[in-house]
Amino acid sequence: MCFVDHVCGVEFQLVPLPKTNPVLIGERWKQYHDCLGLSEIVKDSWDIVQQEKPDLIHLLDFPYNGETRRDQLLGGKLTDNRYHFVRNHGGIPDIKEQAYELEIAGLVRKKIKLTLQELRDPLKFPQEQVTVTLQCSGTRRIEQVMQYPGDGDELINAPWGEGAIGTAVYRGVPLKSVLKIACGGVLPECKHLEFIGADTYFKKNNVYNYAVSVPWRKVRRSEEVLLAWEMNGKPLPKVHGAPLRVIVTGYIGARSTKWVYKINALAEPSKGPVQQQEYLYYTSQIGKHNAKFSNGFSIQQMPVSSAIIYPEDKQTVIHDGKITLQGWSYSGGGNWVERVEVSPDGGSVWYAVPEEDLTEKHYHAWRLWKIDVPVDAEGWLEFCVRSWDSSNNTEPTFVRSTWNWDLHVTSSCHRIKIYSVNRTRSATAARLKELESRGIPFEPLTRPLEFPLETQEEYDAAVAKHPREPLN
């Protein structure tokens, strides 16, 4: 028997994250694969990452978790395939198109196997093209980790920032159509569809294939569950599930199974550990002392959420009375973002992003935004963003309101701190001019100035006008 040491030093949530790339190393998952004689998958997977995703933030090397960088996020409404985030749960299978088959079984009228060529045949199945934002439920998890650590789990809960989200146009065939045309429909007892991927998954020292499910009522909605082979007009990359993956619109990314090779029609949700034992949302009083698989609810539809991408947290901004902010806003479940608001004072005063500075609406995709916020105050300011969707949902004000033991769905108002330097103020303008004349950059902010802040004469005049001590 092969034993894996679960004690790998201090758990990453309790110490500062390393500044390396990859940020974290998946030692346990590598050992699991080695025990099963699958160590070659570890190497092959990293080779694929290096080919397809060399420029991402590699949060976890294996199983691969890669986050989109800030400039890549705002490159356009659609995220380039090279930069779209990746959240994998196992190694990356290398499946040849000509050998691929999709099996559909369970509570269907006719069990079938289909080749990729058959699925792609427009004479057999109607094809659809849908613009979809996929978002990991761990997006912005780092905000929870930094304040209130939670479950580390067997697979490291990657410390995602704002880049575990991306948007693409997917082409494929609606699962609803395949079930109807190829299987003759589902039986009345069918309430859920289970998707099984070819990647290897581990839970509590047991080995599985990746398996999740979504309700039949979701699949019935035409193009909302797609069997996709194309991403942004190009063949699906290996790291994103080639040759075929499931795209579930408006749900957490974990339901959009990659490398899908079998679909089961079920009377109940999948009993696979990813569906039944993970992606659970607990109350704030549930934790290591009392958490069970049954006392958290399964996360499906993503709530409304948003993020400020620029400026970055702790950035110094020198401005002329306005600060430009940019970011993204998204809501799942077929809701779309109606309004984005930014506050320069932590959440008391809000400014709405002009409609012309938001990207177009989609039923299942984000909106990128940009706004010039009037700012008079100087020094440290706290900016935050909130969004309102088409069902009038908005975001909790503080991250403490969204904390949960598994550290999912950080949907609170995203907050950053900015050091404001307002050039329209005379004293500030004079100081900046002096720095420029001396050839001294303003940043880094904390570096002391190497010249006197004022002359003795200036000091004496100021104190004479406004004495520091009472006259009597």
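Every value quoted in this text rests on a predicted model; they were computed, and no experiment measured them.

### Let's talk about the overall build of the protein chain
Moving on, step 1. Scanning the protein chain from N- to C-terminus turns up 10 helices and 23 strands.
Moving on, step 2. With the C-alpha coordinates of the protein chain rotated into their principal frame, the extents come out at 95 × 55 × 45 Å.
Moving on, step 3. Taken across its 472 residues, the protein chain has 52% of its residues classed as buried.
Moving on, step 4. Of the contacts made within the protein chain by residues no fewer than 6 positions apart, 72% connect residues no fewer than 24 positions apart.
Moving on, step 5. Per element, the accessible surface of the protein chain, about 22100 Å² overall, is 51% carbon and sulfur.

### Details of the nonpolar core
Moving on, step 1. Counting 78 residues, the largest nonpolar core has Leu 179, Leu 193, Phe 195 and Leu 227 as the members making the most contacts within it.
Moving on, step 2. Examining the composition of this core, we find that 6 residues originate from one element, strand E10 (residues 225-231), more than from any other.
Moving on, step 3. Sequence-distant contacts of Leu 179, that is, excluding residues within four places in its chain, are made with Ile 104, Val 108, Gly 184, Gly 185, Val 186, Leu 193, Trp 216 and Val 219.
Moving on, step 4. Among the nonpolar cores identified, the runner-up in size contains 18 residues, and Leu 358, Ile 371, Val 373 and Ile 418 belong to it.

### Notes on the environment of Lys 292
Moving on, step 1. Position of Lys 292 relative to the elements: it lies in the loop between strand E14 (280-281) and strand E15 (297-298).
Moving on, step 2. Assessed through its relative accessible area of 54%, Lys 292 is described here as exposed.
Moving on, step 3. For Lys 292 and Gln 277, which are 15 residues apart along the polypeptide, the C-alpha to C-alpha distance reads 8.6 Å.

### With respect to the side chain of Asn 88
Moving on, step 1. Note on placement: Asn 88 falls in the loop between strand E3 (86-87) and strand E4 (101-106).
Moving on, step 2. For Asn 88, the side chain forms a polar contact with the side chain of Lys 258, separated by 3.3 Å.
Moving on, step 3. Excluding residues within four positions of it along the chain, Asn 88 makes contact with Pro 63, Tyr 64, Asn 65, Val 239, Lys 258 and Trp 259.

### With respect to the sheet that holds strand E18 (residues 322-330)
Moving on, step 1. Strand order in the open sheet formed by 3 strands is E16-E18-E21, and the pairing between neighbours is antiparallel. Strand pairing shows two members of the sheet lacking a second neighbour, strand E16 (305-310) and strand E21 (367-374), which therefore form its edges. Between one strand and the next, the sheet's axes are offset by a mean angle of 30°, whatever the strand orientation.
Moving on, step 2. Pairing of E16 with E18, which is carried by 5 bridges, proceeds in the antiparallel orientation. Bridge pairing in E18 places Ser 306 opposite Ser 329.

### Quick look at a positive patch on the surface
Moving on, step 1. There is a patch of like positive charges on the surface, built from Lys 176, Lys 180, Lys 191, Arg 217, Arg 220 and Arg 221.
Moving on, step 2. Mapped onto the elements, Lys 180 comes out in helix H6 (residues 175-181).

### A look at the pattern of salt bridges
Moving on, step 1. This model, assessed by the stated rule, comprises 24 salt bridges.
Moving on, step 2. Between Lys 124 and Asp 121 there is a salt bridge, and its shortest N-O distance comes to 4.0 Å.
Moving on, step 3. Residue classification places Lys 124 among the partly exposed residues on the basis of a relative accessible area of 41%.
Moving on, step 4. Between Arg 140 and Glu 143 there is a salt bridge, and its shortest N-O distance comes to 2.7 Å. In this structure, Arg 140 and Glu 143 share a single accessibility class: buried.
Moving on, step 5. Linked by salt bridges that have partners in common, Arg 70, Glu 162 and Glu 312 make up one network.

### What about the sheet that holds strand E23 (residues 414-422)?
Moving on, step 1. Read from one edge to the other, the open sheet built from 5 strands follows the order E17-E23-E22-E19-E20, with strand pairing classed as mixed. At either end of the open sheet lies a strand with only one pairing partner, and these are strand E17 (315-319) and strand E20 (351-352).
Moving on, step 2. Two elements, strand E19 (residues 337-343) and E20, share 2 bridges in a ladder whose sense is antiparallel. Pairing of Glu 341 across the sheet is with Ala 352, part of E20.

### Some details on the packing of aromatic side chains
Moving on, step 1. By the definition in use, this model includes 10 aromatic pairs.
Moving on, step 2. With a centroid separation of 6.0 Å and 65° between ring planes, the pair formed by Trp 29 and Tyr 201 is classed as edge-to-face. On the criterion of sequence distance, the pair formed by Trp 29 in helix H1 (residues 27-35) and Tyr 201 in strand E8 (residues 192-203) is long-range, its members being 172 residues apart.
Moving on, step 3. According to the relative accessible area criterion, Tyr 201 is buried, its value standing at 1%.

### Regarding unusual backbone geometry
Moving on, step 1. Between Phe 62 and the following residue, Pro 63, the backbone shows a cis peptide bond with an omega angle of -10°.
Moving on, step 2. Assignment of secondary structure puts Pro 63 in the loop between strand E1 (57-60) and strand E2 (65-67).
Moving on, step 3. Pro 243 follows Ala 242 through a cis peptide bond whose omega is 10°.
Moving on, step 4. Inspection of the secondary structure assignment puts Pro 243 in the loop between strand E11 (234-235) and strand E12 (245-248).

### Quick notes on helix H9 (residues 426-438)
Moving on, step 1. The terminal C-alpha atoms of H9 lie 19 Å apart, and with 13 residues this matches the ideal 18 Å at 1.5 Å per residue to within 8%.
Moving on, step 2. Buried within H9 we find Thr 428, Leu 432 and Leu 435. Seen end-on, H9 carries its buried residues on one side only, within an arc spanning 60°. Residues of H9 that are exposed and point over 90 degrees away from its buried face: Ser 426, Ala 427, Lys 433 and Ser 437.
Moving on, step 3. Taken together, the buried residues of H9 touch E17 and E23.
Moving on, step 4. Just past H9, the residue Gly 439 takes up positive phi, approximately 70°.

### Side note on the environment of Asp 94
Moving on, step 1. Looking at where Asp 94 falls in the secondary structure, it is placed in the loop between E3 and E4.
Moving on, step 2. Residue classification places Asp 94 among the partly exposed residues on the basis of a relative accessible area of 44%.
Moving on, step 3. Sequence spacing of Asp 94 and Trp 259 is 165 residues, and the spatial spacing of their C-alpha atoms is 9.2 Å.
Moving on, step 4. Among the polar contacts made by the side chain of Asp 94, one reaches the side chain of Lys 238 at a distance of 3.4 Å.

### Focus on the confidence of the model for the protein chain
Moving on, step 1. Scored by pLDDT, the protein chain comes out at a mean of 95, with 97% of its residues at no less than 70.
Moving on, step 2. The low-confidence segment residues 1-9 (pLDDT under 50) makes 12 contacts with residues lying over four places distant or belonging to another chain.

Calculation notes
Residues numbered from 1 in each chain as written. Predicted model: local features only at pLDDT ≥ 70, side-chain atom pairs only at ≥ 80, totals over all residues. Heavy atoms only, no water. Helix = DSSP H or I, 4+ residues; strand = E, 2+ residues; numbered from the N terminus. Buried < 20%, exposed > 50% of the residue type's maximum accessible area, 1.4 Å probe, protein only. Contact = heavy atoms within 4.5 Å. Areas by Shrake-Rupley, 256 points an atom, 1.4 Å probe, with all protein chains shown as cover. Core = buried A, V, L, I, M, F, W, Y, C linked by side-chain atoms within 4.5 Å. Polar contact = N/O pair within 3.5 Å; in protein donor to acceptor, adjacent residues only side chain to side chain. Pairing = 2+ DSSP bridges. Axes fitted to C-alpha atoms, helices over the stretch in contact; angles between N-to-C directions. Patch = residues over 30% accessible without salt bridge, like charges linked within 9 Å, V, L, I, M, F, W, Y side chains within 5 Å. Salt bridge = Lys/Arg side-chain N within 4 Å of Asp/Glu carboxyl O. Lys, Arg positive; Asp, Glu negative; His and termini not counted. Charge placed at Lys NZ, Arg CZ, Asp CG, Glu CD. Phe/Tyr/Trp six-rings, centres within 6.5 Å; stacked < 30°, edge-to-face > 60°. Expected span 1.5 Å × (residues − 1). Arc of directions from axis to C-beta. pLDDT = per-residue confidence, 0-100.

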